Amino acid sequence: MGRSSARLLLGTSFAAFAVAQQRGRNPEEHPALAIAKCSTAGGCQTERTELTMDMQWRWLHNKDGYTNCIQGEKWSDEYCSDPTACAKNCASEGVSIQSYENDYKVKAAGDSLRLDFPQAPRVYM
């Protein structure tokens, strides 16, 4: 098998597994957080980063309505018979800055981050 054939075979095999989660109706916003990137040569420079919330804390519902795709501690049989069906049938809602602060108890201001436990979710930069 030549290189072109191998690339085509490899590319088409990945295409069969590419499935994306549906986007919900609410737009996604990311709280800004300043961090310092330091080196011995250049000292510290401020960088602007953004936070995002762990998917486990987001609302995942059927894409055409408001029924949860997770029922208790298991996936909904109606919408999630397998991973492909779940990605096709369920939508993940975005989180606004206001919702981060009021609903999830995550507050970013300048270079500080406040997480009020036990309500605060995992967040990533």
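Note that the coordinates shown come from a computational prediction; the quantities given were computed from them, not determined experimentally.

Asker: What should I look at first to understand the nonpolar core in this one?
Answerer: Burial of nonpolar side chains together is a common tendency in soluble globular proteins. Membership of the largest hydrophobic core is limited to ten residues, which are Leu33, Leu51, Met53, Val95, Tyr100, Tyr104, Val106, Ala108, Ala120 and Val123. When residues no more than four places from it in sequence are discounted, the contact partners of leucine 51 are His30, Pro31, Leu33, Tyr100, Val106, Ala108, Leu113, Val123, Tyr124 and Met125. Formed by six residues, the second largest nonpolar core is a distinct cluster that contains Cys69, Tyr79, Cys86 and Cys90.

Asker: Help me understand the confidence of the model for the protein in this model?
Answerer: Close reading of the predicted structure is inappropriate where its pLDDT is low. Per-residue confidence for the protein averages 85 on the pLDDT scale, and 85% of its residues sit at or above 70. Long-range and interchain partners of residues 3–17, a stretch whose pLDDT sits below 50, account for two contacts in this model, where long-range means more than four residues apart.

Asker: Looking at this model, I keep getting lost on the state of the cysteines. Mind explaining?
Answerer: In protein structure, a disulfide is the covalent linkage between the sulfur atoms of two cysteines. Tallied over the entire structure, the rule returns three disulfides. Across the disulfide from cysteine 38 sits cysteine 44; the S-S distance is 2.0 Å. Judged by the sign of its S-S torsion, about 110 degrees, the bond between cysteine 38 and cysteine 44 is right-handed. Residue cysteine 38 is classed as partly exposed on the basis of its relative accessible area of 47%. The partner cysteine of cysteine 69 in its disulfide is cysteine 90, sulfur to sulfur 2.0 Å. Disulfide cysteine 69 to cysteine 90: torsion about the S-S bond roughly -105 degrees, handedness left-handed. A residue pair is termed long-range when its members are at least 10 positions apart, and cysteine 69 in the loop between strand 5 (60–62) and strand 6 (70–71) and cysteine 90 in strand 8 (residues 90–92) qualify at 21 residues.

Asker: Hey, could you run me through the sheet that holds strand 5 in this one?
Answerer: Strand pairing within a sheet occurs via backbone hydrogen bonds; the two strands may be parallel or antiparallel. If you walk across this open sheet you meet the three strands as 1-8-5, and the pairing is mixed. With partners counted over all chains shown, the strands left at the sheet margins are strand 1 (22–23) and strand 5, one partner each. Where strand 1 lies against strand 8, two bridges are found, and the strand directions are parallel. The partner of arginine 23 across the bridge, within strand 8, is serine 92.

Asker: I would appreciate a short explanation of the packing of aromatic side chains in the present structure.
Answerer: Within a pair of aromatic rings, the relevant descriptors are the distance that separates the centres and the angle that separates the planes. The final tally for this structure, using the stated rule, is one aromatic pair. Ring centres of tryptophan 59 and tyrosine 66 lie 5.8 Å apart, and the angle between their planes is 15 degrees; this geometry places the pair in the stacked category. Of the residues examined, tryptophan 59 reaches a relative accessible area of 32% and is grouped as partly exposed.

Quick notes on the rules
- Residues numbered from 1 in each chain as written.
- Predicted model: local features only at pLDDT ≥ 70, side-chain atom pairs only at ≥ 80, totals over all residues.
- Heavy atoms only, no water.
- Core = buried A, V, L, I, M, F, W, Y, C linked by side-chain atoms within 4.5 Å.
- Buried < 20%, exposed > 50% of the residue type's maximum accessible area, 1.4 Å probe, protein only.
- Contact = heavy atoms within 4.5 Å.
- pLDDT = per-residue confidence, 0-100.
- Disulfide = S-S within 2.5 Å.
- Helix = DSSP H or I, 4+ residues; strand = E, 2+ residues; numbered from the N terminus.
- Pairing = 2+ DSSP bridges.
- Phe/Tyr/Trp six-rings, centres within 6.5 Å; stacked < 30°, edge-to-face > 60°.

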